[in-house]
Amino acid sequence: MSINSDAADILESAAFVIGTGHHAKGTFWDGYGWCALGAMGSANIELCGNDDAHAVALDALQRVIGGGATIAAWNDAPERTPEEVEAAMLKAAAKLLGEA
């Protein structure tokens, strides 16, 4: 598999976790849900353990959300919804795969 494919897998897996009601703010893991960074880190460990693919996934998500805030600050914004986090992750994955 390519690094972009592995990175897309990380993003898609993390999006699934967030999208199934397991979204947290202010912490990587709150005992029930993950923040965006925590979900991506967990997915990386579970799927491939590829630090380079994880870095590509993080960069892809940062490009989707823009440079105005870090991923953590963006995730933790009071108005941020799990649906927005999930959608941004899926958009980043699609861009990595050349589908967007």
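What comes next concerns the included structure. (Residues numbered from 1 in each chain as written. Predicted model: local features only at pLDDT ≥ 70, side-chain atom pairs only at ≥ 80, totals over all residues. Heavy atoms only, no water.)

1. Considering the overall build of the protein
Keep this limit in mind: Numbering of helices and strands starts at the N terminus; helices are DSSP runs of H or I of at least 4 residues and strands are runs of E of at least 2. Only C-alpha atoms enter the radius of gyration; for comparison, a globular chain is expected to reach 2.2 Å times N to the power 0.38, where N is the number of residues.
The helix and strand tally for the protein stands at 5 helices and 0 strands. When the helices and strands of the protein are placed in sequence order, the string is α-α-α-α-α. Expected size for 100 residues packed as a compact globule is a radius of gyration near 13 Å; at 12 Å, the protein falls within 12% of this value. On the principal axes, the C-alpha backbone points of the protein span a range of 35 × 25 × 20 Å.

2. A short note on the packing of helix α3 (residues 51-65) against helix α5 (residues 82-96)
Applied cut-off: Between N-to-C directions, angles cover 0 to 180 degrees, with each direction set by a line fitted to C-alpha atoms, over the stretch in contact for helices. Any angle that falls under 35 degrees is termed roughly parallel, while one over 145 is termed roughly antiparallel, one within 65 to 115 roughly perpendicular, and all others oblique. A crossing counts as left-handed when the near helix is turned anticlockwise from the far one by less than a right angle, and as right-handed when that turn is clockwise. Whether two residues are in contact is decided by their heavy atoms: any pair within 4.5 Å suffices.
Two elements in contact, α3 and α5, have axes whose closest approach is 9 Å; the angle formed by their N-to-C orientations is 115°. In this view, α3 runs roughly perpendicular relative to α5, as classed from their interaxial angle. Read as a crossing pair, α3 and α5 show a hand that is right-handed. Along its contact with α3, which presents Val-56, Ala-60, Leu-61, Arg-63, Val-64 and Ile-65, the element α5 presents Ala-88, Met-89, Lys-91, Ala-92, Lys-95 and Leu-96.

3. Let's talk about the environment of Glu-83
Convention followed: Working definition: with a 1.4 Å probe on protein chains only, accessible area under 20% of the residue-type maximum means buried, over 50% means exposed, and in between means partly exposed.
When you line up the elements, Glu-83 lands in helix α5. Assessed through its relative accessible area of 53%, Glu-83 is described here as exposed. When the C-alpha atoms of Glu-83 and Ile-18 are compared, they prove to be 7.9 Å apart, with 65 residues separating the residues in sequence.

4. Here's the deal with the nonpolar core
In plain terms, the rule: By convention a nonpolar core is built from buried Ala, Val, Leu, Ile, Met, Phe, Trp, Tyr and Cys residues, the set being connected through side-chain atoms within 4.5 Å.
Counting residues in each nonpolar core, the largest one holds 24 residues, and the members touching the most others are Leu-11, Met-40, Leu-61 and Met-89. Secondary-structure elements contributing two or more residues to this core are α1 (3-19), α2 (36-47), α3, α4 (71-76) and α5. Ranked by residues supplied to this core, first place goes to α1 with 7 residues. Every residue in contact with Met-89, bar those within four places of it in the chain, is listed here: Leu-11, Ala-14, Ala-15, Ile-18, Ala-36, Met-40 and Leu-61.

5. A few points about α5
This is how the line gets drawn: Take the number of residues in a helix, subtract one, and multiply by 1.5 Å to get its expected span.
The end-to-end C-alpha separation of α5 is 21 Å, in line with the 21 Å expected for 15 residues at 1.5 Å each. Within α5, the full set of buried residues consists of Val-85, Ala-88, Met-89, Ala-92, Ala-93, Ala-94 and Leu-96. Residues of α5 that are buried make contact with α1, α2, α3 and α4. At the C-terminal side of α5, Gly-98 shows a positive phi close to 75°.

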